[in-house]
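# Summary of the model geometry
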Amino acid sequence: MTFHFKTGLLALALLGSTALGAVNAQAADKEISWIYCGDSIDPIHVKYIKQWEDKNPGWAVKPEVVGWEQCQDKATTLAAAGTPVAMAYVGSRTLKQFADNDLIVPIPMTDDEKKAYYPGIVNTVTFDGKQWGTPIAFSTKALYWNKDLFKKAGLDPEKAPTTWAEEIADAKAIKEKTGIPGYGLSAKTFDNTMHQFLHWVYTNNGKVIDGDKITLDSPEVLAALQAYKDITPYSVEGPTAYEQNEMRAIFLDGKVGMIQAGSGAAARLKETKINWGVAPLPLGPSAKGQGTLLITDSLAVFKGSGVEDKAIDLAKFITSPGPQGEYELQGGAGLTPLRPSAQVDEFVKKDASWKPFIDGIAYGGPEPLFKDYKGFQNVMIAMVQSVVTGQAQPADALKKAAADLEQYK
């Protein structure tokens, strides 16, 4: 697996990134190159890059803005070709694969640093007892419901479902009494299909992998997959055609009763005339408390740049409580705070719609780390799609997926 990963990416590097690699190879010793995902650098990061440079005379940070769809592949390709950037924004799900292929260096956290985060956050970047990235973005999900559709269906518009059974019953009532889909289930061939399902897993005390043991085929996960099957008839028709942002657009148009989405949906809903509410994700029968999938993106420091120590220092500074708190509490970005603070408390006090996104953290679970995260992702997507399209029964789909995951752990 390791050999295949490196040689495959090396081929990509030779095809498309030789010139870029040459530029990075010629970078000055006192320069930190940073692959920055997005359309532009956030002004808050511009501010704190300048602060870090002022504290580190002779050092310059050189961010390169790369579109979301290409940035991670570019960082990976350059590293595999032996011409790594110093630091890059990556999905934390990739860290195990990078570490296993000796492409990144650990970013150790002190006990105090670990304790400063909400529960479970550090687990999203931990592999073999080491931390391999500093979290820079965090998302959780909550349930949004259309109060007018609830009322038309004879349901209490002020009461969101709190269990899967209630959620399925509410979706059924909306579909049968209004003709409008009661739930927006996303199952497109897209990474978010796996994420959406994992929110159900973590609202039923389920787990995909424990260390190196695949635990997918369990009663808790089977119940989640069965619930997916049960709610599908009352969901938007043809769920394999939609990913979460497309489903969110349908909800914003008033054409679906409930969706699970991030905090960014609230910012958009405030600009509509929809009468909406947001609540913690409904719980499965084995839940121990409010749950959600804990997804983080991280700053990873690549091996071989020659400036690893300074890059670690920069990564820790940019994601420290002050700069990070200012960056993530911008509202429409859809980010959940990484750490509890008086600033977060004040933010929630001013806008109660944030509370469900934080309440789900305590019993939430990290995005599972696999050495081949794309292989893992594809197995999970295929499993979900086979059930919602009626091609497989939940128990059979689960057993197949659990067996298929063995090669990627």
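Our subject is the structure that appears above.
Note that this is a predicted model, so its numbers are computed, not measured. (Residues numbered from 1 in each chain as written. Predicted model: local features only at pLDDT ≥ 70, side-chain atom pairs only at ≥ 80, totals over all residues. Heavy atoms only, no water.)

### Quick look at the side chain of K141
- As for its placement among the helices and strands, K141 is situated in the loop between β6 (134–139) and β7 (142–146).
- One buried charge, K141, has no salt-bridge partner; the nearest side chain with opposite charge is D191, at 9.5 Å.
- Apart from the residues lying within four places of it in its own chain, the contact partners of K141 are Q196, H199, Q244, Q260, A261, G262, L281, T292 and F357. (Helix = DSSP H or I, 4+ residues; strand = E, 2+ residues; numbered from the N terminus. Buried < 20%, exposed > 50% of the residue type's maximum accessible area, 1.4 Å probe, protein only. Lys, Arg positive; Asp, Glu negative; His and termini not counted. Salt bridge = Lys/Arg side-chain N within 4 Å of Asp/Glu carboxyl O. Contact = heavy atoms within 4.5 Å.)

### Describing the nonpolar core
- With 62 residues, the main nonpolar core has I32, W34, I35, I104, L299, F302 and I318 as its most contacted residues.
- Looking at which element gives the most residues to this core, the answer is helix α13 (residues 308–318), with six residues.
- Contact partners of I35, with chain neighbours within four places excluded, come to E64, V66, C71, K74, A75, L78, V85, M87, A88 and Y89.
- Residues F150, A173, L198 and A227 belong to the second largest nonpolar core, which totals 52 residues. (Core = buried A, V, L, I, M, F, W, Y, C linked by side-chain atoms within 4.5 Å.)

### Focus on unusual backbone geometry
- Look at D128: it is not a glycine, yet its phi comes out positive at around 55°.
- Judged by its relative accessible area of 64%, D128 is exposed.
- You will see that N205, though not glycine, has its phi angle at about 60°, which is positive.

### Digging into empty space enclosed by the protein
- Applying the stated criterion across every chain, the model contains two cavities of 30 Å³ or more.
- Size it by volume and the largest cavity reaches roughly 40 Å³.
- Lining the largest cavity, in full, are G184, S186, Q196, Q244, M247, R248, I259, Q260 and A261.
- When residues of the lining of the largest cavity are traced back to their parent elements, those giving at least two are α11 (244–252) and β10 (258–261).
- Residue classes in the lining of the largest cavity are distributed as three nonpolar, five polar and one charged.
- Estimates place the volume of the second largest cavity at around 30 Å³.
- Taken together, W164, E167, H199, W200, T203, Q260, L281 and P282 form the lining of the second largest cavity.
- Every element with two or more residues in the lining of the second largest cavity is listed here: α8 (164–178) and α9 (191–201).
- Of the residues that constitute the lining of the second largest cavity, the class distribution is four nonpolar, three polar and one charged. (1 Å grid on protein atoms, 1.4 Å probe; cavity = no way out; pocket = protein on both sides within 12 Å on 5 of 7 lines; lining within 4 Å. Points joined across faces, edges and corners; volume = space filled by probe spheres on them. Nonpolar A, V, L, I, M, F, W, Y, C, P; charged D, E, K, R; others polar.)

### What about the packing of aromatic side chains?
- Per the stated rule, a full pass over the model turns up 14 aromatic pairs.
- Ring centres of W34 and Y36 lie 5.2 Å apart, and the angle between their planes is 55°; on these two criteria the pair is classed as tilted.
- A relative accessible area of 1% places W34 in the buried class.
- Ring geometry for W164 against W200: centres 5.3 Å apart, planes inclined by 40°, an arrangement best described as tilted. Separated by 36 residues along the polypeptide, W164 in helix α8 and W200 in helix α9 bring together distant segments of the chain. In terms of burial, W164 and W200 fall into one category: buried.
- Each residue in the set W164, Y183, F197, W200 and Y228 is aromatic and connected to the rest through ring pairs, giving one cluster. (Phe/Tyr/Trp six-rings, centres within 6.5 Å; stacked < 30°, edge-to-face > 60°.)

### Thoughts on the sheet that holds β7
- Strand order across the open sheet formed by three strands is β10-β7-β11, with antiparallel pairing between neighbours. Of all strands in the sheet, those with a lone pairing partner are β10 and β11 (276–279), marking the two edges. Direction aside, the axes of adjacent strands within the sheet are offset by 25° on average.
- Judged from the four bridges that link them, β7 and β11 form a sheet pairing that is antiparallel. Each bridged residue has a counterpart across the sheet, and for N146 the counterpart in β11 is W276.
- The strands touched by α11 are β7 and β10; relative to β10, the strand with the most contacts, the crossing angle is about 135°. (Pairing = 2+ DSSP bridges. Axes fitted to C-alpha atoms, helices over the stretch in contact; angles between N-to-C directions.)

### What to know about the state of the cysteines
- Summed over all chains, the structure comprises one disulfide.
- Each disulfide pairs two cysteine sulfurs, and for C37 the partner residue is C71, the sulfurs being separated by 2.0 Å. A torsion of 95° about the S-S bond marks the disulfide between C37 and C71 as right-handed. Here C71 lies in helix α4 (residues 68–80) and C37 lies in strand β1 (residues 31–37), a separation of 34 residues in the sequence. In this structure, C37 and C71 share a single accessibility class: buried. (Disulfide = S-S within 2.5 Å.)

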